[in-house]
Amino acid sequence: MFADLPILSLTIWLPIIGGMLVFASGNQAANASRWTALTVAILTFVVSLALWAGFDTSTAQMQFVERTSWIALFDIEYYLGVDGISMPLIILTTFISIFVIIAGWEVVQYRPASYMAAFLIMEGVMVGVFSALDAMLFYVFWEAMLIPMFLIIGIWGGPNRVYATIKFFLYTFFGSVFMLVALIYMYFQAGSFDILAFHDLKLGLTEQILIFVAFLLAFAVKVPMWPVHTWLPDAHVEAPTGGSVILAAIMLKIGGYGFLRFSLPITPDASQQLDWLIITMSLIAVVYIGFVALVQQDMKKLIAYSSIAHMGFVTLGFFIVFMIFAGDSASGGATLGVEGGMVQMVSHGFISAAMFLCVGVLYDRMHSRQIADYGGVANTMPLFAGLMVFFAMANAGLPGTSGFVGEFMVILASFQADFWFAFLAATTLILGAAYTLWMVKRVIFGVVANERVAALKDIGSREFFVLGSLALAVLALGLWPAPLVEVMDASIVNLLKHLAVSKL
Amino acid sequence: MQFDTSNLIPVLPEIFLLTMTSVVLVTDLFLKQEQRMISYGMVQVTLWLAVGVVLLTGQGEARVLFDGSVIRDRMGDILKISILVITSGVFLYSRDYLRDRDLFKGEYYVLGLFAVLGMLVMVSANGFLTLYLGLELLALSLYALVAFDRDSIGGSEAAMKYFVLGALASGMLLYGISMIYGATGAIEFGTVAKAVAASGMDDLVLVFGVVFVVIGIAFKFGAVPFHMWAPDVYHGAPTAVVLLISSAPKMAAFAMAMRLLVDGMGSLHGDWQGMLVILAVLSMGLGNLVAIAQANIKRMLAYSTISHVGFILLGILAGTSAGYTAAMFYSIVYALMAIGAFGIVVLLSRRGFEAENLEDYKGLHDRSPWFAAMMMLVMFSMAGVPPTVGFFAKLVVLQAVVDVDMTWLALVGVFFSIIGAFYYLRIVKLMYFDKPVDEAPLSASLDTRVALSVNGLAMLVLGMFPGGLLTLCGSAFA
């Protein structure tokens, strides 16, 4: 029913053009620009829902395809399309963006219109990353993402924001330029920048390994994987709440998405050869970063490290498949691993967004992120305390919440590969609970720590709406993940079929 | 040699420009200082009419005229139009700057137009002599322009340095040319190419000739290790002159490299390629690294120019038509970025104050959000971040290099562009994340504002739709 409308283009350009209009309207009429931004964000979400409604779950083919020539001389096309892997991430992006706009409603008093505009443009560009099927178009969106985020952290960030934002920019820029060279190389092998043509491209093992490493640099920095994660805690701590939410909920997912769209299908043999590397890095992220999170004094830093640990599950789920292939168990485990990684990405999108928003709520009132400055918040903010405890439980992977589903699937898949992988991965159930709940214990429970905590006011209806909606999403995905799994099933099964065939 | 008046039509742009320059020179003598706008207007009209003449007299296929000393082809036409348009922008941006400093004199425009004429001659040269004539006309005009603010010690020093080093480079070039002439017995590129193809690199004199010619080209480009003049000249010369030096001559230098190396010695590609690789890698490396250490924006942009030159050389050394297209696209885009950046420098300067230090850019976003955004676009474009056009310029160059199996060079290129991103980002950081130290309002006339806005937005628009310009550049080498 939506076949005639260019839904993907609308989802990309509506927020970008809306953002430019909001920016052009200037910072004087702050309220008007807030409402415009919110309208645009909601409209975009509604439009993106058409993707879900019109999605055909029975096929792994690209859907909602739009294809026209962009730069004819170099066969670069404006080529968009979604499958079961990218579609949920697009909806996640448009969904989270609404809350980011609302979360910045009152807090941001300095150039509010520019703030809203930056997030809207960011939203459109991120949707572009998920829907681009031309490698160059993908790269343009991928890099364009850096500019708004650079400004968001740099303008509205904390005291050490300049250091954090330049580190963020250079780190990610460093990662991605090597991917650019790999893409150009493949262009000459395939004769076009069509990503799907890259998938079918025959490549020798040495070529594959080099390309794989180039992709790894780009995606590992974005995910971020240990040991290239060090930009993330800095960026998170200094970013404004909305920036942290977008970073954790969506930008990290783009790295995971890159593995599924590029690394695995384009270089399956190299992925198989080097899967030990990714699995090791993932397990180190899960275990070591889990311990690092335990000792953090700063709430945002703690959640940032917990994000790295959780993203370790995603990459573990993606790359464990080769071990399962090699083993003699049924290939159902492989599907479980990749799907678990995907569910984990979506779930972490909700939970990390909610956690950062919770810290934002506290920070708006106390202007401190130090755990030591809090204590007994439950006494003064009971409603908020309830929600935060819920999200903390979800972060720790409590059954019934979405955090449990993804982790459980990945651990289950790991068992089919190697008991010790599963064992190490499962330590997160203890570590995650330890660092999250210990933080909650120190911040939320106990006696009221000081006068400032005693003076806290509970969340208003706006904040309640934001956190409540996310809580519903977390609960829904935790209790009934079937619709999400169903949507991506065909695409993932197809991807695994593709992976099982050597390109050599 | 039979003389046919129809032969004059292809060189009509140069004839027109020369005539008009002389008219401006004479008219200006009879103008009072407050009527100087008339000269300015005449110059602008001249440039745009010259664009029209190029378009009108342009024909599809290449023609060689005057016993092979001049060539009129599509590459030349596109470069000529770009040079004329860019120079028009230069004159527009620099007008208020000159007026504020009592430098608003006819000589600036006459010298500027002679420089443009020199560039057009270079672009159309089909023989060593024509090329050298154009080059010297350009160089001599620029030497004088650098010293244009004659009371400025820095300016005189820069001009002296530029002159001495420039003369040395011209000497080298001439020396190389004479050797090639000795080895091949010809000064016209077509004949030289044939002779070179026959003899190859066996001839030692020819080898020396090529080396000296490459040195001459490297000097004009400002490629490392022949870059010494660039930072000092950029630093010492009036910003209005730096606008001119940094933009259009890069396109002329590109044309010079194309004519000498490709038209003249195309069959020696394997030999000069290696030299250009060294020049390109050193330029990208040193340019980007040293730029980080600069506290003066003009010096910083000078080193940034050096690094961009490395990229242009990468395109040329690929030796394919895709490579030449890429290098040409890059040099046009670079000229646009350079006048954009220096345009902002001029905009921020005012009577008695030169916005030369990086500190002066602090908090520009608070002072003028619009022009801060324009400068940001230019900076991101120079850094090569999509969706700005600078990214596509780098992309096509890298593509050309990867295509000829020199992927390692592409890796070197992107590696140094990461380092380069840092100092462009620093400008953005100063403009957006810091508080202003200088609260003076920005004053600029309406046409400058419009032109700067067009200039800045062009980074974005060309970045979203680079196809047209790319196809145009590609058609020159089809």
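Fair warning: this is a prediction, and the values are worked out from it, not measured in the lab.

Trainee: What am I meant to see in the overall build of chain A here?
Mentor: When its secondary structure is counted, chain A shows 23 helices and two strands. In summary, chain A has a C-alpha radius of gyration of 22 Å against a globular reference of 23 Å for 504 residues, a match within 12%. Principal-axis analysis of the C-alpha atoms gives chain A an extent of 70 × 55 × 45 Å. Scored against the burial criterion, the 504 residues of chain A give a buried share of 66%. Across chain A, contacts joining residues at least 24 apart in sequence account for 82% of those joining residues at least 6 apart. Per element, the accessible surface of chain A, about 16,100 Å² overall, is 67% carbon and sulfur. Of note, chain A has its 20 positive side-chain charges centred 12 Å away from the centre of its 29 negative side-chain charges.

Trainee: In this structure, what is going on with the overall build of chain B? I would like to understand it.
Mentor: Broken down by element type, chain B carries 20 helices and two strands. Its C-alpha atoms give chain B a radius of gyration of 21 Å, within 12% of the compact-globule value 23 Å for 478 residues. In terms of overall dimensions, chain B has C-alpha extents of about 65 × 55 × 40 Å along its principal axes. By residue count, 65% of the 478 residues in chain B fall in the buried class. Expressed as a percentage of contacts within chain B between residues at least 6 apart in sequence, the contacts between residues at least 24 apart total 80%. As presented, chain B carries roughly 15,800 Å² of accessible surface, and 68% of it is formed by carbon and sulfur atoms. Across chain B, 27 positive and 33 negative side-chain charges occur, with their mean positions spaced 7 Å apart.

Trainee: What exactly am I supposed to notice about the nonpolar core here?
Mentor: Counting residues in each nonpolar core, the largest one holds 402 residues, and the members touching the most others are I96 and F384 of chain A together with F254 and W272 of chain B. No other element matches helix α14 (residues 321–348) of chain B, which puts 21 residues into this core. Dropping the residues within four chain positions of it, F384 of chain A is found in contact with C358, V361, L362, V377, I444, D458, I459 and L467 of chain A.

Trainee: Hey, could you run me through the interface of chain A and chain B in this one?
Mentor: One widely used convention gives an interface's size as the accessible area the parts lose upon coming together. At the junction of the two partners, chain A supplies 35 residues and chain B supplies 41 residues. Taken over both partners, the interface formed by chain A and chain B buries close to 3,400 Å², and the fraction arising from carbon and sulfur atoms is 85%. A per-residue breakdown of the area chain A buries against chain B is headed by F74, F173 and V181 of chain A, which together make up 15% of the total. Between the two partners, chain A and chain B, sit one salt bridge. Notably, a salt bridge pairs R111 of chain A with D366 of chain B, separated by 2.6 Å at the nearest N-O pair.

Trainee: Honestly, a nonpolar patch on the surface in this entry has me stumped. Any pointers?
Mentor: A grouping of F415, F419, W420, F423 and L424 of chain A is seen on the molecular surface, where their side chains present a nonpolar patch of about 530 Å² in accessible area. Ranked by residues supplied to the nonpolar patch, first place goes to helix α20 (residues 419–443) of chain A with four residues.

Trainee: I would appreciate a short explanation of helix α7 (residues 161–190) of chain A in the present structure.
Mentor: Look at α7 of chain A: 42 Å from first C-alpha to last across 30 residues, which is about the 44 Å you get at 1.5 Å a residue. G191 of chain A occupies a position one or two residues after α7 of chain A and carries a positive phi of about 85 degrees.

Trainee: What should I look at first to understand unusual backbone geometry in this one?
Mentor: Glycine aside, residues mostly have negative phi, and peptide bonds are mostly found in the trans state. All names here are of chain B. Along the chain, V224 connects to P225 via a cis peptide bond; the corresponding omega equals 5 degrees. Counting through the fold element by element, P225 comes out in the loop between α8 (204–221) and α9 (229–236). Put simply, P386 and P387 share a cis peptide bond, and its omega is 5 degrees. Tracing the sequence through the fold places P387 in the loop between α16 (369–383) and α17 (389–403). Phi at D102 is positive, roughly 55 degrees, even though this residue is not glycine. Within the fold, D102 resides in the loop between α3 (74–100) and α4 (106–124). Here D102 falls in the exposed class, since its relative accessible area comes to 52%. Although it is not a glycine, D405 sits at a positive phi angle of roughly 60 degrees.

Trainee: Help me understand the pattern of salt bridges in this model?
Mentor: Where charged atoms of side chains with opposite charge meet at close range, the side chains can pair. Residue and element names in this part refer to chain B. Taken as a whole and assessed by the stated rule, the structure comprises 23 salt bridges over all chains. In this structure, R36 engages D28 in a salt bridge whose closest nitrogen and oxygen atoms are separated by 3.0 Å. Of the two residues examined, R36 and D28, each falls in the buried class. Residue K435 is joined to D366 by a salt bridge in which the shortest nitrogen-to-oxygen separation is 3.9 Å. Placement of K435 in the loop between α18 (407–433) and α19 (446–464) and of D366 in helix α15 (residues 364–367) is noted, with a sequence separation of 69 residues between them. For K435, a relative accessible area of 54% translates into the label exposed. Overlapping salt bridges, with partners in common, bring together R95, D96, R99 and D447 in one network.

Trainee: Any chance you could explain the pairing of strand β1 (residues 63–71) of chain A here in plain terms?
Mentor: Each regular strand carries side chains that alternate between the two faces of the sheet. Residues and elements named next belong to chain A. Pairing of β1 with strand β2 (residues 76–82) involves six bridges; the strand directions are antiparallel. Each bridged residue has a counterpart across the sheet, and for R67 the counterpart in β2 is Y79. Linking β1 to β2, which pair antiparallel, is a turn of four residues; within it D75 sits at a positive phi near 55 degrees.

Trainee: I would appreciate a short explanation of the packing of aromatic side chains in the present structure.
Mentor: Where two aromatic rings form a pair, the distance of their centres and the angle of their planes describe that pair. Residue and element names in this part refer to chain A. Taken as a whole and judged by the stated rule, the model has 52 aromatic pairs over all chains. Over the ring of Y79 we find R67; its NZ or CZ atom is 4.0 Å from the centre of that ring. The side chain of R442 reaches across the aromatic face of W438, ending 3.7 Å from its centre.

Trainee: What am I meant to see in the confidence of the model for chain B here?
Mentor: Regions with low pLDDT should not have their predicted coordinates read in detail. Residue and element names in this part refer to chain B. Looking at chain B, the pLDDT average stands at 88 and 99% of residues meet or exceed 70. Within chain B, strand β1 (residues 63–65) has the poorest average pLDDT of any element, 82, and helix α5 (residues 128–146) the best, 92. Confidence metrics for the complex model read pTM 0.89 and ipTM 0.85.

Trainee: Mind showing me how you'd approach the pairing of β2 of chain A here?
Mentor: Burial analysis of β2 of chain A places seven of its seven residues in the buried class, the great majority of the element. Of the two faces of β2 of chain A, the one lined by I76, Y78, L80 and V82 of chain A and the one lined by E77, Y79 and G81 of chain A are each fully buried.

Trainee: Sorry if this is basic, but what is going on with the side chain of N296 of chain B here?
Mentor: Residues and elements named next belong to chain B. Within the secondary structure, N296 sits in the loop between α12 (269–292) and α13 (297–318). Here the side chain of N296 touches K298 through a polar contact of 2.7 Å, landing on its backbone nitrogen. Residues in contact with N296, not counting those within four places in the same chain, are H235, E356 and N357.

Trainee: Honestly, the environment of V129 of chain A in this entry has me stumped. Any pointers?
Mentor: All names here are of chain A. Counting through the fold element by element, V129 comes out in helix α4 (residues 112–131). According to the relative accessible area criterion, V129 is buried, its value standing at 0%. In this structure the C-alpha to C-alpha distance between V129 and Y187, which are 58 residues apart in sequence, comes to 19 Å. With residues up to four places along the chain from it excluded, the contact list for V129 reads F138, F141, W142, M145, I254 and Y257.

Trainee: How do you make sense of the packing of helix α10 (residues 231–238) of chain A against helix α11 (residues 241–266) of chain A when you look at a structure like this?
Mentor: Residue and element names in this part refer to chain A. For the pair α10 and α11, the least separation of the axes is 8 Å and the interaxial angle reads 140 degrees. The angle between α10 and α11 places the two elements in the oblique class. Residue-level contacts link W231, L232, A235 and H236 of α10 to S244, L247, A248 and L252 of α11.

Trainee: Teacher, can you tell me more about the environment of F150 of chain A here?
Mentor: With respect to the helices and strands, F150 of chain A occurs in helix α6 (residues 146–156). Residues F150 of chain A and A235 of chain A, spaced 85 residues apart in sequence, show a C-alpha to C-alpha distance of 9.7 Å. Those residues within four positions of F150 of chain A in sequence are excluded, and the remaining contacts are T165, I166, F168 and F169 of chain A together with F380, L425, V428 and F433 of chain B.

Trainee: Please explain the packing of α17 of chain B against α18 of chain B as it appears in this structure.
Mentor: Helix-helix packing is described using two parameters, namely the angle between the two axes and the distance between the axes. Residues and elements named next belong to chain B. α18 packs onto α17 with a crossing angle of 155 degrees between their chain directions and a minimal axis gap of 7 Å. By the angle class used here, α17 and α18 are roughly antiparallel. α17 and α18 meet at a crossing whose hand is right-handed. Contacts between α17 and α18 involve K394, L398, V401 and V402 on the former and, on the latter, T407, L409, A410, V414 and S417. Residue classes in the contact of α17 with α18 are distributed as six nonpolar, two polar and one charged.

Reading the values: the criteria
- Residues numbered from 1 in each chain as written.
- Chains lettered and ligands numbered in written order.
- Predicted model: local features only at pLDDT ≥ 70, side-chain atom pairs only at ≥ 80, totals over all residues.
- Heavy atoms only, no water.
- Helix = DSSP H or I, 4+ residues; strand = E, 2+ residues; numbered from the N terminus.
- Rg over C-alpha atoms; globule rule 2.2 N^0.38 Å.
- Buried < 20%, exposed > 50% of the residue type's maximum accessible area, 1.4 Å probe, protein only.
- Contact = heavy atoms within 4.5 Å.
- Areas by Shrake-Rupley, 256 points an atom, 1.4 Å probe, with all protein chains shown as cover.
- Lys, Arg positive; Asp, Glu negative; His and termini not counted.
- Charge placed at Lys NZ, Arg CZ, Asp CG, Glu CD.
- Core = buried A, V, L, I, M, F, W, Y, C linked by side-chain atoms within 4.5 Å.
- Buried area = accessible area lost by both parts, 1.4 Å probe.
- Salt bridge = Lys/Arg side-chain N within 4 Å of Asp/Glu carboxyl O.
- Patch = residues over 30% accessible without salt bridge, like charges linked within 9 Å, V, L, I, M, F, W, Y side chains within 5 Å.
- Expected span 1.5 Å × (residues − 1).
- Pairing = 2+ DSSP bridges.
- Phe/Tyr/Trp six-rings, centres within 6.5 Å; stacked < 30°, edge-to-face > 60°.
- Lys NZ or Arg CZ within 6 Å of the ring centre and 35° of its normal.
- pLDDT = per-residue confidence, 0-100.
- Polar contact = N/O pair within 3.5 Å; in protein donor to acceptor, adjacent residues only side chain to side chain.
- Axes fitted to C-alpha atoms, helices over the stretch in contact; angles between N-to-C directions.
- Parallel < 35°, antiparallel > 145°, perpendicular 65-115°, else oblique.
- Left-handed = near helix turned anticlockwise from the far one by under 90°.
- Nonpolar A, V, L, I, M, F, W, Y, C, P; charged D, E, K, R; others polar.

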